[in-house]
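Here is what each chain is made of, one letter per residue.
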Amino acid sequence: MRVLLTGSAGFIGTAIGTALEAAGHDVVRVDLMLDKAHGRAEPPPGTHLLDVRDAGAWGPDLLAEVDAVCHQAAVVGAGVTVADLPEYAGHNDLGTAALLAAMHAAGVDRLVLASSMVVYGEGRYICPEHGEQAPPPRTRAALDAGDFENRCPVCGAALGWAVVDEDARLDPRSSYAASKLAQEHYASAWVRQADAAAVALRYHNVYGPGMPRDTPYSGVAAMFRSSLERGERPRVFEDGAQVRDFVHVDDVARANVAALEAVTAERTGRYAAYNVASGHPITIREVAELVGRGVGGGIAPEVTGGYRLGDVRHVVASPERAKAGLGFTAQVHPAAGLETFATAPLRA
């Protein structure tokens, strides 16, 4: 299979390219090399320096004889201010739309899209007495008082979390999240208009070797590690009991290979979304403790009680649909992967 891989020089794109070639596929690499993701680095050998927003100007050669596109190029990060909106809309949404139009013009009709858990907003919650509930946003007054739980809108009891499957309500709460959901909508519309097929992979918290250090593209695990390397205690917001799923970049790469092979073999239907997750929930405090154990020195995290408005309390994925539809099951357990990550090479 010949695959055009956008964002190929990035943290996740690099791992995907390696996994595709190991599986015997031919990879055409494309990356814009944005400074905020790569610094002032030059494109790696064999990488085309191109902007997906201008995909119509690529010419016929890049998409010639391509069987599928794996679209990883995106601006990432929290996107918490209104000023972020044009950047996310431009790179992520316009970029995806331009790419899809170029694919259709070239007769390429198979796509795997990098989406994200952020499209869910808050996770899924259960009240012991009143069943499943969709809690309202947590108030500043409650957070200031150290009450971090989502509460039942009927009785006020603290809600327990439950796993989120792909049919959950989508509720993006940042510029970045809105752009990722828009990418999914463009892909879904393209499928209908172009008689094509697409898979959206909703990554949960990705970590692993090659992760960027101290940039907007760094995840919380990398930030904890950087604090420890400076001899500082990792700072954990709220009470540290927020539950997430952390998935190793090698597993994310395996999921993309599985999705590309499935969509080109017409095993996924016209359009499908899948969680890409380890299937092993973990608290943010545990993440900091595991990274600290790997670094050594016995520096315990500092649970600050601080918070960021707009942060969600719990998001825990169900991996069952990816297992059934793609044959994908993560191989790296966070308890082992995060400790090893503490000494893995990072990008400057």
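Not measured: the values here are computed from a predicted model.

Draft legend 1. Region of the structure containing the overall build of the protein chain. Helices and strands together make up the secondary structure of the protein chain, namely 10 helices and 16 strands. In terms of overall dimensions, the protein chain is globule-like: its C-alpha atoms have a radius of gyration of 20 Å, near the 20 Å expected for 348 residues. A principal-axis box enclosing the C-alpha atoms of the protein chain has dimensions of 60 × 45 × 40 Å. Burial analysis of the protein chain (348 residues in total) assigns 51% to the buried set. When contacts within the protein chain are restricted to residue pairs at least 6 apart in sequence, long-range pairs at least 24 apart make up 81% of them. In the protein chain, 31 side chains carry a positive charge and 42 a negative one; their mean positions are 3 Å apart.

Draft legend 2. Summary view of helix α3 (residues 85–106). The terminal C-alpha atoms of α3, which comprises 22 residues, lie 30 Å apart, in line with the 32 Å expected from a rise of 1.5 Å per residue. Of all the bends found along α3, the most pronounced is centred on G95 and spans about 30 degrees. Of the positions making up α3, those classed as buried are Y88, G90, H91, N92, D93, G95, T96, A98, L99, L100, A102 and M103. In this structure, the buried side of α3 is in contact with β1 (2–6), β4 (68–71), β5 (110–116) and α5 (175–194). A positive backbone phi angle near 80 degrees is found at G107, which sits one or two residues after α3.

Draft legend 3. Looking closely at the side chain of Q133. Relative to the helices and strands, Q133 resides in strand β7 (residues 131–133). Residues in contact with Q133, not counting those within four places in the same chain, are Y125, C127, C152, P153, V154 and L159.

Draft legend 4. Structural detail: the packing of aromatic side chains. Under the criterion given, the structure shown has 3 aromatic pairs. Considering the side-chain rings of Y207 and F246, the 6.4 Å spacing of their centres and the 55 degrees angle between planes classify their relative orientation as tilted. Of this pair, Y207 sits in strand β10 (residues 205–207) while F246 sits in strand β13 (residues 246–248), and the two are 39 residues apart along the sequence. Ring centres of Y207 and F341 lie 5.9 Å apart, and the angle between their planes is 80 degrees; this geometry places the pair in the edge-to-face category. Of the two residues, Y207 sits in strand β10 while F341 sits in helix α10 (residues 334–341), which places them 134 residues apart along the sequence. For F341, a relative accessible area of 2% translates into the label buried. Put simply, the rings of Y207, F246 and F341 pair up and form one aromatic cluster.

Calculation rules
Residues numbered from 1 in each chain as written. Predicted model: local features only at pLDDT ≥ 70, side-chain atom pairs only at ≥ 80, totals over all residues. Heavy atoms only, no water. Helix = DSSP H or I, 4+ residues; strand = E, 2+ residues; numbered from the N terminus. Rg over C-alpha atoms; globule rule 2.2 N^0.38 Å. Buried < 20%, exposed > 50% of the residue type's maximum accessible area, 1.4 Å probe, protein only. Contact = heavy atoms within 4.5 Å. Lys, Arg positive; Asp, Glu negative; His and termini not counted. Charge placed at Lys NZ, Arg CZ, Asp CG, Glu CD. Expected span 1.5 Å × (residues − 1). Bend = angle between axes of the 7 residues up to and from the residue. Phe/Tyr/Trp six-rings, centres within 6.5 Å; stacked < 30°, edge-to-face > 60°.

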